[in-house]
Amino acid sequence: MTISERDIEHIFERLRSGVVPERGLEAFAVGIDKQRTEIHRQLKLAADGEGVFKFLRGGYGCGKTFMSCLAILDAQAQGFATSFVVVSDNDLHFYKFDDVYRKVVQELGTSSCPRGALSDIIDRWIARVEDALIAGGADENSDEFDTLVQQRMEEELASLTGGKAPEDMARVLRTIFILKQKGEIAEASALLSWLSGSENVAASAKKIAGIKGDIVSRDALDYLQGILEIVKAAGYKGLVIVIDEVETILRMRHDSRGKSLNGIRQICDAADRYKGLLWIFTGTPEFYDTKRGVGGLEPLSDRIQFLAPGGFANPRQPQLDLKPFDAKRLKEVALKLREIYPTVNKTVLTTKVTPDFIERLVAKVTAGFKGDVGVVPRQFLRQFVNVLDLAANDEEFDPMIAEGFEATNLTEDEIRIREGRPLFDAEPEDIQGYAVEF
């Protein structure tokens, strides 16, 4: 695969901070072919008009965030709009659907607009409405054309949602179109913020659209369906929503925790109503299995139960099991990162950062965690990228010495390289040259 210089720099800059990169993940993804295939199957179902959900299951360090970020990239590459939301016990409660809606819409992204894509999606939808009218014989230069566009927008929204789109949603969309046609961008932006779930929109902006108040919890899922249908009408295959770190719910108070789990159950129960929407939740086994979590809410537990007879887990069941890293997989990731590391002298890098060194670094980093490789990928990769930086930019840096490793079983060539000697001793012929005979 090819990867741009920009994405390569992004990968290493993010790893230096101990954070999962947002782009270029394919370049160092290893050991997840089965799981990725299942995500692609889910995307195919959504593209075919199914409403589906999937729960990623794995302990700390299993790569849940990595896998869900890769799912976002794969979805965008296949023509989906996406949203990536991290659960917080401060500003996201799953029993408040207006909270969920606000976070989902604010984090909307596409391949051309990675974040905050609602305005672009609506513009694309309106452009397709206009094209359809023109193709049907309407005169785009007539005084009535904008009125026809407004009417068609409302008709499409009502038709696509089965009449379930809230009236205020139609009013706001119509007013956004009118304001943009007049060049009143600030007012249109205020209404876009309202449609995104913001509770801080001035009353004067709402008055323009003839609305009052904000989007409330009981209406939020109807608004979400409207957004989903606009996404598809704009030309996208559907919408993928990732809800990362749902185990955060376990830290909530008992009443909030129960209500949030019930909110997830309601989302699952209503999934087939949202054609073309894929929900992906990520959580730890504690979230799924304990009475404090999903195990304590029987209707949800029954719906998404995890089965692994004999240790074999079917990837097509509701919970998709992510395996923890082992030393071999961590070494493979390190070798892939070494391969794409941006440097003018790749030979120097591969000579210094050898497979033997990588194996030793894995063992050293995991030693503090009682040899448990599964919990240290982030720490290891951060340290490994630092080693790559030093090896590439400092001629005197020897990672084996710096990390306190004693090299063993060195070949003659490796000994010469380490001691700074040429690969071959000088002989008289090398100095004098060969005699030329005729």
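So, here's what we can say about the structure. Along each chain, numbering runs from 1 in the same order as the chain's sequence is written. Only residues with pLDDT of at least 70 are given local features in this predicted model, and only at 80 or more are side-chain atom pairs given and counted; all residues enter the totals for whole chains, interfaces and linings. Note that the side-chain values use all heavy atoms of the structure and ignore hydrogens as well as water.

Points about the overall build of the protein
Comment: elements are numbered from the N terminus, with helices defined as DSSP H or I runs of at least four residues and strands as E runs of at least two. For the protein, the count of helices and strands is 20 helices and six strands. Only protein chains enter the area calculation, which uses a 1.4 Å probe; residues under 20% of their type maximum are buried, those over 50% are exposed, and those in between are partly exposed. Every one of the 438 residues in the protein was classed for burial, and the buried ones make up 46%. Counted over contacts in the protein with a minimum sequence separation of 6, partners at least 24 positions apart contribute 68%. Summing over all exposed atoms, the protein offers an accessible surface of approximately 22,000 Å²; the carbon and sulfur share of this is 49%. Any two residues whose heavy atoms approach within 4.5 Å are treated as being in contact. To measure how exposed things are, a 1.4 Å probe is used in the Shrake-Rupley method; for residues, cover is taken only from the protein chains shown.

Topic: the pairing of strand 4 (residues 239-244)
With six of its six residues buried, strand 4 lies for the most part within the structure. Burial of strand 4 is two-sided: the residues Leu239, Ile241 and Ile243 facing one way and the residues Val240, Val242 and Asp244 facing the other way are all buried. Pairing between strand 4 and strand 5 (residues 277-283): five bridges, direction parallel. What sits directly across from Val240, in strand 5, is Leu278. Where the polypeptide runs from strand 4 across helix 11 (residues 254-269) and back to strand 5, its parallel neighbour, the crossover connection is right-handed. Paired strands are those between which DSSP finds at least two bridges. For a crossover, the right-handed case is the one in which the path from the first strand over the helix to the second runs clockwise, viewed with the strands pointing away from the viewer.

What to know about the packing of helix 4 (residues 97-106) against helix 10 (residues 217-233)
Structural elements are reduced to axes, namely lines fitted to C-alpha atoms, with helices fitted over the stretch in contact, and the angle between N-to-C directions of any two is expressed from 0 to 180 degrees. At a closest axis distance of 7 Å, the pairing of helix 4 and helix 10 adopts a crossing angle of 30°. Put simply, helix 4 runs roughly parallel to helix 10. Contact residues: Phe97, Asp98, Tyr101, Val104 and Val105 in helix 4; Ser217, Ala220, Leu221, Tyr223, Leu224 and Ile227 in helix 10. Grouping the constituent residues of the contact of helix 4 with helix 10 by class yields nine nonpolar, one polar and one charged. We call two directions roughly parallel when the angle between them is under 35 degrees, roughly antiparallel when it is over 145, roughly perpendicular when it lies between 65 and 115, and oblique otherwise. Charged residues are taken to be Asp, Glu, Lys and Arg, nonpolar residues to be Ala, Val, Leu, Ile, Met, Phe, Trp, Tyr, Cys and Pro, and polar residues to be all remaining types, Gly included.

Focus: the nonpolar core
Nonpolar side chains in soluble globular proteins generally cluster together in the buried interior. Here, nonpolar core refers to any group of buried Ala, Val, Leu, Ile, Met, Phe, Trp, Tyr and Cys residues whose side-chain atoms link them within 4.5 Å. Among the nonpolar cores identified, the biggest contains 78 residues, and Phe94, Leu195 and Trp279 are the most heavily contacted of them. Sorting elements by how many residues they give to this core places helix 10 first, with nine residues. Among all residues touching Trp279, those that are not within four sequence positions of it are Val52, Phe53, Lys54, Val100, Leu224, Ile241, Ile243 and Ile267. Among the nonpolar cores identified, the runner-up in size contains 55 residues, and Ile8, Cys62, Cys69 and Val387 belong to it.

Observations concerning the sheet that holds strand 1 (residues 52-57)
Ordered by their spatial adjacency, six strands build an open sheet running 3-2-4-5-1-6, and the pairing between neighbours is mixed. Every interior strand has two partners, whereas the edge strands, strand 3 (108-109) and strand 6 (319-321), have only one. Summarising the sheet, strand 1 and strand 6 pair through three bridges and their orientation is parallel. Residue pairing in the sheet places Arg57 in a bridge with Asp321 of strand 6.

Quick look at helix 14 (residues 327-340)
Helix length check: helix 14 (14 residues) gives 20 Å between terminal C-alpha atoms against 20 Å at 1.5 Å per residue, within 8%. Of the residues making up helix 14, those classed as buried are Arg329, Leu330, Lys331, Val333, Ala334, Leu337, Arg338 and Ile340. Its buried side turned inward, helix 14 meets helix 1 (5-16), helix 15 (346-352), helix 16 (355-367) and helix 17 (377-393). Multiply 1.5 Å by the residue count of a helix minus one, and that product is the helix's expected span.

Some words on the side chain of Lys54
Of note, Lys54 is situated in strand 1. Throughout this description, a polar contact denotes any pair of N or O atoms lying within 3.5 Å of each other; where both atoms belong to protein, one of them has to be capable of donating a hydrogen while the other can accept it, and for residues adjacent in sequence the pair is counted only when both atoms sit in side chains. Of the polar contacts made by the side chain of Lys54, one reaches the side chain of Glu38; its length is 2.8 Å. Of note is the side chain of Lys54, whose polar atom sits 2.8 Å from the backbone oxygen of Pro315. Residues within four places of Lys54 in sequence aside, it is in contact with Glu38, Gln42, Leu278, Trp279, Ile280, Phe281, Pro315, Arg316, Gln317, Pro318 and Leu320.

Notes on the pattern of salt bridges
The term salt bridge refers to a side-chain nitrogen of Lys or Arg lying within 4 Å of a carboxyl oxygen of Asp or Glu. A complete count under the given rule lists 29 salt bridges for this structure. Ionic pairing is found between Glu167 and Arg171, a salt bridge with its closest N-O pair at 3.2 Å. Residue Glu167 and its partner Arg171 are both found in helix 7 (residues 167-182); the two are separated by four residues, about one turn of the helix. A relative accessible area of 60% places Glu167 in the exposed class. Three or more residues are tied together by salt bridges with common partners; here these are Arg14, Glu22, Glu107 and Arg115.

A short note on the packing of aromatic side chains
Two descriptors summarise a pair of aromatic rings, namely the distance from one centre to the other and the angle between the planes of the rings. Only rings of Phe, Tyr and Trp enter the pairing, Trp through its six-membered ring, and a pair is recorded when the two centres are within 6.5 Å. The plane angle decides the type: under 30 degrees is stacked, over 60 is edge-to-face, the rest tilted. Considering all chains together, one arrives at eleven aromatic pairs under this definition. Taking the centre distance of 4.7 Å and the plane angle of 10° together, the rings of Phe55 and Phe281 count as stacked. Of the two residues, Phe55 sits in strand 1 while Phe281 sits in strand 5, which places them 226 residues apart along the sequence. In this structure Phe55 comes out as buried when scored by relative accessible area, which is 0%.

Thoughts on the environment of Gly226
Inspection of the secondary structure assignment puts Gly226 in helix 10. Residues Gly226 and Ala170, spaced 56 residues apart in sequence, show a C-alpha to C-alpha distance of 9.3 Å. Gly226 has contacts with Leu157, Thr161 and Met169, leaving out every residue within four places of it along the chain.

A few points about the pairing of strand 5
For strand 5, the buried fraction is high: seven of the seven residues fall into the buried class. Residues Leu277, Trp279, Phe281 and Gly283 line one face of strand 5 and the alternating positions Leu278, Ile280 and Thr282 line the opposite face, and both faces are buried. Two strands pair when backbone bridges link them, and strand 1 and strand 5 are joined in this way by six bridges, in the parallel orientation. Following the sheet pairing, Phe55 is matched in strand 5 by Phe281.

Comments concerning the environment of Leu43
Tracing the backbone shows Leu43 in helix 2 (residues 33-47). On the accessibility criterion, Leu43 (0% relative accessible area) is buried. Residues Leu43 and Gly238 lie 195 residues apart in sequence; the distance between their C-alpha atoms is 8.9 Å. When neighbours within four sequence positions are excluded, Leu43 is seen to be in contact with Asp74, Ala75, Gln78, Phe80, Val240 and Leu278.

Topic: the side chain of Glu247
Along the chain, the position of Glu247 falls in the loop between strand 4 and helix 11. Excluding residues that lie within four positions of it along the chain, Glu247 makes contacts with Thr282, Gly283, Thr284 and Phe287.

That is the geometry; function is a separate question.
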